[in-house]
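# Summary of the model geometry
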Amino acid sequence: MTLFYLIAAYLISVVIFFNRNRILNYSLIVLFTILQISFTIYSCLHFKLTEIYFFTADSLGLLLLITLSIIVIPAFFHSYLYIKRHNESAQSRGIYFSALVILLTSISAAYLANHIAVLWIFTELTTLSASALIYHHRNKLALEGTWKYVFICAISITFVFIGILFLSLSLQQASSNELSYANLVANGKNLDPFWLRLAFLFIFTGFTAKLGLVPMYTAGIDAKDKAPAPAAALLSSVLMNMGFLAIFRMHLVMSQTSLLHWSNIIIMIAALLSVFVATVYMTKMMNIKRMFAYSSIEHMGLVMIGISVGGIGYYGAILHIILHSFVKSSMFFQFNQLYRVFQSKSIYHVGNYFKYNPAGAIVLLIGFISATAMPPSGLFVSEFLIFRGIFEARYIAVLIGVLLMLTIIIWAFGKSMFKILFTPPIGFNESGVPVINPWESVFQYALLAISFWLGLNPPAIFTELIKDAITILPV
Amino acid sequence: MINILLIIFIVTLLYMSIANRLVTYIRILALQGFILFGVTYLQLQEINGLNLGLIMLETIIFKAIAVPLFLANLIKRNHITREAEPYIPHFLSLVIVTFIIVSTILLANSIKDTHLDKIFFIVALSTIFSGLYIIATRRKIITHVMGYLIIENGVFILSLAVGNEMPMLVNLGIMLDIFASVLILGIFLNKIGDVFKDVDVDQLDKLKDY
């Protein structure tokens, strides 16, 4: 089934690319959605079974795959609206949807990959397809964003490759030199520490481009700014989850060796710097999309702090990354409606959104409450667990620093969001404002509702899966 | 023989640090492709014939012929000026690249690992760092691409060092090559030439956090 899924999905994307007929195009998209969902169900039924050597649906991969399959439906719906409103030519529509299908398929395959090299190959494919999405508008700024994204991702993917080479050198004392995660974890004690250190540094640095962490986070910001909002929603949710998964799997390997403490310090430094960078930029940010993107950087920093402190932090981190993908994708979907009303990305020209589109304004308000992790949002629960993890690990200085920075972020984010929602914009001409159909926001509400439900009252199977994903980690 | 080829490879790095015209850069890249072709043949004797053939075909076609020709064509068509326009003087570049090479030699000698093929390690690391250095100090986008190609050559040499035990990694390195060629060269630089008439990184500063 995995092989069938991959072939069918790539075939669909090729047909979409060359096809110019609108009806056929959208029926293929529906077909792909059905394929994606049935593949997810199939993976659930074949939990922890290996297919065509390289794909295993383990707990974390499965959780993220289900997350992706839920976000796929609103993503296609909003892409459809976006393309329809912009009067796109058949060619640019074909390229857009084809790239979207390749991106989603590659991310799904990367989630389930049990071999570091296979994960690496699919990461390459995501860079290719994401760059086509970022370049969608074909103007100078989009080109600049795409160029930066491509170049930084190319460098970081090379870094990951160097890391894989060093990892293979570290395996020389081990019984088998296969680079699958299962083998690496089983041979944890036999890995050569010198090469493993180098390997971890390179692999971690490389995957931060996808995760959105210091040092390689810059590429993702420009990408989310220039990509169409439905695509940006995917870049800031499921693609970031892929980077998280890659680093988490490497962390699992490190946890079996004597270098765990050292690698935790590296992750902690990168994560703290990310939260710091997000704090600094969010206080001055005037571009709404970039503000959302920096908020994602902040959340990724928190997640990685949770990973590095361990204990209950592991659970909180995985819960946080799943809830964050629902909330952030919902906010990016909402951005399109905001843009239709005001025709501007800048906070200067935007305001009093409640008057023009109450349904959308409520989405932004709930999204803001979730993104700043105020109770009763689902993210409050996960963030609270991460803070408990920091406290129990006795990193009091870190805790105080992070809390201070988060306070500044809440202030900065709140200042901008309340300007968007309540303060009337100066010199805004109301006559041309389109009426937004409230039903267009229905999927955004659904995503937010899922994040509340999973945070406040998680089903037993969900918590079981998260606990299973972190069983081999030391407490 | 491998050692001679690898030392020539290092010398090309020194030459590249003082080269002035873009055509020279392209010639050096082509020469590096041919050197890698030779090194691949001499080094990977133990892996099976079909795979070796594939790898060698890739090095000769992509690294030595197609990519340099494409770059030359690109420069001609987009009327890119012939100078590389570095930020810092050539003499200093030469000193810095020499410093990079010397420090990688010292680094490699401090590693006590009997499995390690030292000359491969030295050449690979100094190539990677020189590529980064060239990216950091040249002004044009096309020289950035060339710097990236140099980094990739370095990574390829590193993968050759473990190639006999794990041929799969060399194949992955080739995938990286093809990926970069398709992405950066095939689709992309064409468009940059069309939209930005004079291809300088200084023009790519419109996207910022304001």
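Residues numbered from 1 in each chain as written. Chains lettered and ligands numbered in written order. Predicted model: local features only at pLDDT ≥ 70, side-chain atom pairs only at ≥ 80, totals over all residues.

A separate point is the overall build of chain B. Assigned secondary structure in chain B consists of seven helices and zero strands. Taken from the N to the C terminus, the helices and strands of chain B come in the order α-α-α-α-α-α-α. A total of 210 residues make up chain B; the buried ones form 42% of that total. If you take every contact in chain B between residues at least 6 apart in sequence, the share linking residues at least 24 apart comes to 72%. (Helix = DSSP H or I, 4+ residues; strand = E, 2+ residues; numbered from the N terminus. Buried ≥ 20, exposed ≤ 12 C-beta atoms within 10 Å, placed from the backbone. Contact = placed C-beta atoms within 7 Å.)

Let us now look at the overall build of chain A. The helix and strand tally for chain A stands at 19 helices and two strands. Taken against the 2.2 N^0.38 rule, which gives 23 Å for 475 residues, the C-alpha radius of gyration of chain A at 21 Å falls within 12% of a compact globule. Within chain A, the proportion of its 475 residues that are buried is 57%. Partitioning the intrachain contacts of chain A with sequence separation of at least 6 by distance along the chain shows that 78% fall at a separation of at least 24. (Rg over C-alpha atoms; globule rule 2.2 N^0.38 Å.)

Attention now moves to the domain arrangement of chain A. Size of an interface, as often reported, equals the accessible area lost when the parts are brought together. Residues and elements named next belong to chain A. When the domains of chain A are assigned, the result is domain 1 (1-258) and domain 2 (260-475). With centres defined by C-alpha atoms, the gap from domain 1 to domain 2 works out at 22 Å. Facing the 42 residues of domain 1 at the interface are 42 residues of domain 2. Those elements giving two or more residues to the side of domain 1 that touches domain 2 turn out to be helix H3 (59-85), helix H8 (193-211), helix H9 (218-226) and helix H10 (229-255). Classifying every residue of the side of domain 1 that touches domain 2 by side-chain character gives 28 nonpolar, twelve polar and two charged. (Domains from an automatic or database assignment. Nonpolar A, V, L, I, M, F, W, Y, C, P; charged D, E, K, R; others polar.)

With that settled, the discussion passes to the environment of Gly-188 of chain A. In this fold, Gly-188 of chain A is placed in the loop between helix H7 (181-186) and H8. Beyond its immediate chain neighbours, meaning those up to four positions away, Gly-188 of chain A contacts Val-253, Gln-256 and Thr-257 of chain A.

On to helix H18 (residues 442-456) of chain A, then. Quick reminder: α-helices carry 3.6 residues per turn. Residues three or four places apart thus point the same way. With 15 residues, H18 of chain A extends 21 Å between its outermost C-alpha atoms, agreeing within 8% with the 21 Å of an ideal straight helix rising 1.5 Å per residue. Its buried side turned inward, H18 of chain A meets H3, helix H13 (312-342), helix H15 (358-371), helix H16 (378-392) and helix H19 (460-469) of chain A. (Expected span 1.5 Å × (residues − 1).)

Right, let's talk about the nonpolar core for a bit. Residue and element names in this part refer to chain A. If you look at the biggest cluster of nonpolar residues, it comprises 232 residues, and the most contacted ones within it are Leu-133, Phe-161 and Ile-164. Sort the elements by how many residues they give to this core and helix H6 (residues 140-170) lands first, with 20 residues. Setting aside residues up to four positions removed in sequence, Leu-133 forms contacts with Tyr-96, Ala-99, Leu-100, Leu-103, Ala-227 and Ala-231. (Core = buried A, V, L, I, M, F, W, Y, C linked by C-beta atoms within 7 Å.)

Residues and elements named next belong to chain A. Interhelical geometry of H15 versus H18 gives an angle of 25 degrees and a closest axis separation of 10 Å. Judged by the angle between their axes, H15 and H18 are roughly parallel. The handedness of the crossing between H15 and H18 comes out as left-handed. Between H15 and H18, the residues in contact are Val-363, Ile-366, Gly-367 and Ser-370 and Gln-444, Tyr-445, Leu-448 and Ser-451, respectively. Along the lines of polarity and charge, the residues of the contact of H15 with H18 split into four nonpolar, four polar and no charged. (Axes fitted to C-alpha atoms, helices over the stretch in contact; angles between N-to-C directions. Parallel < 35°, antiparallel > 145°, perpendicular 65-115°, else oblique. Left-handed = near helix turned anticlockwise from the far one by under 90°.)

Turning our eyes to something else, we now look at the interface of chain B and chain A. Contacts between chain B and chain A engage 30 residues on the former and 31 residues on the latter. When residues of the side of chain B that touches chain A are traced back to their parent elements, those giving at least two are helix H6 (141-161) and helix H7 (167-195) of chain B. No other element matches the 14 residues that H7 of chain B contributes to the side of chain B that touches chain A. When the residues that make up the side of chain B that touches chain A are grouped by side-chain class, the tally is 21 nonpolar, four polar and five charged.

Attention now moves to helix H2 (residues 22-43) of chain B. An ideal rise of 1.5 Å per residue puts 32 Å on 22 residues; H2 of chain B measures up with 31 Å between its terminal C-alpha atoms. Taken residue by residue, H2 of chain B has Leu-22, Tyr-25, Ile-26, Leu-29, Gln-32, Gly-33, Ile-35, Leu-36, Phe-37, Val-39, Thr-40 and Gln-43 of chain B as its buried positions.

All names here are of chain A. Between H3 and H13, the shortest axis-to-axis distance is 11 Å and the interhelical angle comes to 0 degrees. Overall, the two elements H3 and H13 adopt an arrangement that is roughly parallel. Across from Leu-60, Leu-63, Thr-67, Ile-71, Pro-74, His-78 and Tyr-82 in H3, the residues of H13 making contact are Ile-318, Ile-322, Ser-325, Ser-329, Phe-333 and Asn-336. Considered class by class, the residues forming the contact of H3 with H13 number eight nonpolar, five polar and no charged.

Across chain B, the average pLDDT comes to 83, with 88% of residues at 70 or higher. Our summary of model confidence lists the complex with pTM equal to 0.93 and ipTM equal to 0.89. (pLDDT = per-residue confidence, 0-100.)

Residues and elements named next belong to chain A. The amide bond that connects Val-214 to the next residue, Pro-215, takes the cis arrangement and shows omega of 10 degrees. Turning to its location among the elements, Pro-215 is positioned in the loop between H8 and H9. Of note, the amide linkage connecting Pro-375 to Pro-376 takes the cis form, showing an omega dihedral of 10 degrees. Positioned with a positive phi, Asn-87 is a non-glycine residue whose angle comes to about 50 degrees. Here Asn-87 is to be found in the loop between H3 and helix H4 (90-112).

A few words on the environment of Met-242 of chain A. All names here are of chain A. Along the chain, Met-242 turns up in helix H10. Overall, the presence of 23 C-beta atoms within 10 Å leaves Met-242 in the buried class. Between the C-alpha atoms of Met-242 and Ala-110, which are 132 residues apart in sequence, the distance is 7.1 Å. Apart from residues lying up to four places away in sequence, Met-242 is in contact with Ile-107, Ala-110, Tyr-111, Thr-126 and Lys-210.

Moving on to the environment of Gly-49 of chain B. All names here are of chain B. Within the fold, Gly-49 resides in helix H3 (residues 49-77). Judged by the 7 C-beta atoms lying within 10 Å of it, Gly-49 is exposed. On a C-alpha basis, the gap between Gly-49 and Ile-88 in space is 46 Å, while along the polypeptide they are 39 residues apart.

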